[in-house]
Amino acid sequence: MLQNLNGIRKKHLRRQIAVLTHLNEVPNIQKLRDIIKDPKSNDYCLISDIFDSYSGQLSSTEFSLNKLQSLMRQLFVTVDQFHARGVIHRNLSNESIVFKEKENSLQISKFEHSDFYIPNKHLDDDVGYLCFKAPETFMKNYRITYAVDIWAIGILLASLVRLSGIQSKIIR
């Protein structure tokens, strides 16, 4: 997949490259393969994985209870691994997680807003989709923590449970 970075500030580009390079060993994330620069336009492009068994974004797929449990376990393990490496995704949503049906696995992508967690470092709160944002991000002077990713996973889980129609199997 080719991601054109025209218009992205150099600071953000360097951060995204640093994050993806730092997470290279983490399974289930989109890997950075190369960076190219167009000599005519001076635009940079990131080359990353292509989803050859792409089934769709999670929001367009119905799952059985067992499959949903397996995918959520993969998601929590993957997020825990990049949190353990000091990275906050900040934009987890149904559009940043791709379900690979043939492998029965998922892959996290869209690391444009990711950053390294530094306590008390102020990050731009205005990223991500409104329905996936943690409530505390709307408070004045709030400092972003790993909790924003966990909140987004909870919202994703609730939407997938509802989409798959398995509420009655979970809530008894």
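Each residue is numbered by its place in its chain's sequence as written, counting from 1. Local features in a predicted model are, by the rule used here, given only for residues with pLDDT of at least 70; side-chain atom pairs are given and counted only at 80 or more, and totals for whole chains, interfaces and linings are based on all residues. As a rule here, side-chain values cover all heavy atoms of the structure and leave hydrogens and water aside.

Caption draft 1: Quick peek at the confidence of the model for the protein. Each residue carries a pLDDT score, the predictor's own confidence in it, on a scale running from 0 to 100. Averaged over the protein, the pLDDT score is 81; the fraction of residues at 70 or greater is 81%. By the criteria applied, helices consist of DSSP H or I runs no shorter than four residues and strands consist of E runs no shorter than two, each listed in order from the N terminus. Model confidence for the protein, summarised as mean pLDDT per element, is weakest for strand β1 (residues 2-4) at 48 and strongest for strand β5 (residues 87-88) at 96.

Caption draft 2: Seen up close, the packing of aromatic side chains. Here a pair means two rings of Phe, Tyr or Trp (six-membered ring of Trp) with centres within 6.5 Å. Their orientation is stacked below 30 degrees between planes, edge-to-face above 60, and tilted elsewhere. Here the structure, examined in full by the defined rule, presents 2 aromatic pairs. Note on F82 and F111: the rings are 5.9 Å apart at their centroids and 75° apart in plane angle, and the pair reads as edge-to-face. Taken together, the residues F82 in helix α2 (residues 65-84) and F111 in the loop between β7 (105-108) and β8 (115-116) connect sequence positions 29 residues apart. The two residues F82 and F111 agree in class, both being buried. Residue exposure (1.4 Å probe, protein chains only): buried if accessible area is under 20% of the type maximum, exposed if over 50%, otherwise partly exposed.

Caption draft 3: Spotlight on the nonpolar core. As used here, the term nonpolar core means buried Ala, Val, Leu, Ile, Met, Phe, Trp, Tyr and Cys residues forming a set that is joined through side-chain atoms within 4.5 Å. Grouped together as the largest cluster of nonpolar side chains are 29 residues, with contacts concentrated most on L23, L75, F82, I108 and F111. When residues of this core are traced back to their parent elements, those giving at least two are α1 (10-22), α2, β6 (97-100), β7 and α3 (147-164). By definition, residues are in contact when any of their heavy atoms lie within 4.5 Å. Setting aside residues up to four positions removed in sequence, I108 forms contacts with N28, I29, Q30, L75, T78, V79, F82, H89, L92, S96 and I97. Grouped together as the second largest cluster of nonpolar side chains are 6 residues, I88, L123, I144 and V148 included.

Caption draft 4: Region of the structure containing α2. With 20 residues, α2 extends 28 Å from end C-alpha to end C-alpha; this agrees with the ideal 28 Å at 1.5 Å per step. Taken together, the buried positions of α2 are occupied by L68, L71, M72, Q74, L75, T78, V79, F82 and H83. Taken end-on, α2 shows its buried residues confined to a sector of 165°, consistent with a single buried face. Exposed residues lying more than 90 degrees from the buried face of α2 are N66, R73, D80 and A84. Expected span of a helix: the number of residues minus one, times 1.5 Å. Note: the arc covers the axis-to-C-beta directions of the helix.

Caption draft 5: Expanded view of the environment of H113. Here H113 is to be found in the loop between β7 and β8. On the accessibility criterion, H113 (29% relative accessible area) is partly exposed. Taking the C-alpha atoms as reference, H113 lies 9.7 Å from L123; in sequence the two are 10 residues apart. In this structure H113 touches R15, H89, R90, N91 and V127, once residues within four positions along its chain are discounted.

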